[in-house]
Amino acid sequence: MSSTLTLTNTATGQAVKVPIDSAHGVIAAAAVKPLLVRTTNPASDEGAPLSLYDPGFTNTVAFRSRISRVDGTSGTLTYRGYTIEDLVAHASFTEVAYLLIHGDLPSAREYEAWQRQLLRHTYLHSELERQMLTFRWDAHPMGMLIAGLSALSSFHPEANPALVGDSLYVSGPREQLVPYYKLGGVTSSNGPEAEVTALDVRDHVRVKQVYRILGKLPTIAANVFRHREGRPYNHPMPSPRSLTENFMYMLDKLNEEEYVPDKTLVSILDRAFILLAEHGSACSTVAMRHLVSSGVDPFTATAGACGTLFGERKAGEVVRMLQTIDTVADVLPYLDAVKHKRATFDRADGNGNGTGVAPALSRATTALPTPETPKGIPVPTAPLKLMGFGHRIYKVPDPRVAIMRDLVLECYRHIYHQDPETQVSGHLVHLGFKLEEAVGNDGWFTGRKIFANIDFYTGLLLHTMGFPHDMFPVIMAIPRSTGYLAHFMECVDAKEPIYRPRQVYTGSQQRPYVPLGERVPLSPTLSASAPLSAVHAASSSSAMAADGAAAATPAAAVTGADDGLDAISVRSNPAAQLRRSLHEAATPQDVAALIEQTRARISALAEEVAGELDRAAGGPSSSAVGTPTPSLAGGDAATSGNTPKLLRRLVSAVQMRVKKNGGGPSSPPLASAVSAEMQVAQMERIGERSLELRELLDVQREMLKVRANLARGSHVTDEVDLSAFARLE
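Attention shifts here to the overall build of the chain. The helix and strand tally for the chain stands at 27 helices and eight strands. Taking all contacts inside the chain whose residues are at least 6 apart in sequence as the whole, residues at least 24 apart take part in 65%. Carbon and sulfur atoms make up 53% of the accessible area of the chain, which totals about 37000 Å².

Pasting the structure below:
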């Protein structure tokens, strides 16, 4: 007896019976559409069809698949019915690639033909190699990989549905183009003498692109690595035994005539590739199917799917986290900071006691240098995270983790000839094992079903093999492309409609269009009817100074002004707001009003910074600082030309405040005043407010130039209000 689910709208009494797929535990979302609901946004008295809202697809089934099965409850993973443990123990990555794409393991004859075709397609077009050479020396490897993979589609126009028919991979190309493919060696499935059909072309083109992507992607990845290292690209290995061996050959060959990659490392990487080849409806897999449903070529779709691997929540962040922890003694303090969502943790001394030193993260530095840290104080701007742990699907340990852990051990022992579980030299592998052990012994994490995931040990393995951290997603994309292509084949076979999820609109309701001249400006200071005059027309201030007269246009060019100011930055940045108002100024009186407004803001901001400096230097008015503001380090302000001078003035002001408040020879050095006695949040706030002050001073200079031009002949007699910094000093 089939099961049904009854949904009743209590407001109207309408009921709908929804069939339940008991075999898989799902219901069809379309089955709930007959249930009508009166809505208020937009208003609907007749009722709108019921939809399912599931942000992040936490409980949504988007497609049916026979490729892999992930069981998060029992902790099992199968490829086409074969357990991951059996495949890693007995198969090669090349066999698994055949299994995923064709549905079953190959026979000896099929395997030989499959590998021969893959290795035949490892060479890149020389023009593509020249294009890759045009990347900057410091280009990110993942950006190069995605660009190179996307460029492949331009070398094979016959494989692009946009050029030969959007049903190329479903039912074949347009009939008039079928003879063209016959010139490329396409034969009929009914025999060599039979007429080639569109379906024959479809099958040929499908498998041809699989060969090209699986064969050329490792070559592109190897070229990316060589480009990063400043070395010439290598051609593929003359007689490789596998795709993995060919990849490692292209990575590391220098000038040896008979170079052969280390067999043990090839075997380890080959087995790791099996673990990373496919994993159900992961983010990148869904992205692949989403793109394929639109009818794009497999090169573009695979490049888009690879783009989802280009993020922070990956294996590279695991290594960065371990480098932050640094020692085994700091594992527990770090975990405690993670549990309490703190941005810093106290490092332990030799006796396990906290020293109060924040982690030396390589990101988010402030704009305030000290003698100990000339490039700025490293300050985390977000709570610390436990990277490489936890999984949305698995409520028990990921079955791949134990296998990858064994591969890390095997790799470490092969390279270093010792056991990382017993040595204490500080290698990240040893630290990683201790971190996993500590998490496993902590009820706070185990109670929340937080276990190490595949990214944790993938990061350790690639780090042990000597790969740079920014190469991690590039290497992971090589095996994952087999899963992508398997889903590509399945998606086109199923003739899936284009993916088009709905949205819940929360924006403005319907409203009338307002003519440009009648709209209220973002800044209410000036009249809404003020015309958009040529306030910022081209006219140099140097020419005006030489002539002693006004320029021919009503206004001078304003340094840094931009007619296309972003609306969000205008609303959130006082300096940007004033610049926008200056764009709309039409008379000297308008500009004069803006100048007074700017001076008032400068004066208030200067007093605010002075008060912060008093508190930072330990003056009588010292009080607690509010919520820390995000650091500006790493942004445009930190690299502007005015920043060094501004920072020197700030440091000088701190020194004077310390001396004024009773300091002297016995006072702590400036480094202590900046990094120890001053709270990090105070320094961030001071730096941020002072940079805002500098921006306002720049805007004031621009206003004076504009007013002088609008006056048509008047000279600039106002002095820019630099007394703000004088008050600080």
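Let's shift gears to the environment of Ala-11. With respect to the secondary-structure elements, Ala-11 resides in the loop between β1 (4–8) and β2 (15–21). By relative accessible area, which is 63% here, Ala-11 ends up exposed. In sequence terms Ala-11 and Arg-38 are 27 residues apart; their C-alpha atoms lie 8.7 Å from each other.

The three strands lie next to each other as β1-β2-β3, forming an open sheet whose pairing is antiparallel. Every other strand in the sheet has two partners, leaving β1 and β3 (26–27) as the edge strands with one partner each. In the sheet, β1 pairs with β2 via five bridges, with the strands oriented antiparallel. Paired with Leu-7 across the strands is Val-16, a residue of β2.

Here helix α16 (residues 428–440) contains 13 residues, and its C-alpha end-to-end distance of 18 Å stays within 8% of the 18 Å for a straight helix at 1.5 Å per residue. Those residues of α16 lying buried are Leu-428, Val-429, His-430, Leu-431, Gly-432, Phe-433, Leu-435, Ala-438 and Val-439. The inward-facing, buried residues of α16 contact α13 (315–325), α14 (331–339), α15 (399–416), α17 (443–446) and α18 (454–464).

Take the pairing of strand β7 (residues 76–79) next. Pairing between strand β6 (residues 68–71) and β7: four bridges, direction antiparallel. Along β7, the bridge assignment pairs Arg-69 with Thr-78. With antiparallel pairing between neighbouring strands as the criterion, β6 and β7 make up a hairpin whose turn holds four residues, including Gly-75 at a positive phi of roughly 75 degrees. Where β7 meets strand β8 (residues 82–83), two bridges bridge the pair, whose relative direction is antiparallel. Its bridge partner lying in β8, Tyr-79 is registered against Tyr-82.

Conventions we followed
- Residues numbered from 1 in each chain as written.
- Predicted model: local features only at pLDDT ≥ 70, side-chain atom pairs only at ≥ 80, totals over all residues.
- Heavy atoms only, no water.
- Helix = DSSP H or I, 4+ residues; strand = E, 2+ residues; numbered from the N terminus.
- Contact = heavy atoms within 4.5 Å.
- Areas by Shrake-Rupley, 256 points an atom, 1.4 Å probe, with all protein chains shown as cover.
- Buried < 20%, exposed > 50% of the residue type's maximum accessible area, 1.4 Å probe, protein only.
- Pairing = 2+ DSSP bridges.
- Expected span 1.5 Å × (residues − 1).

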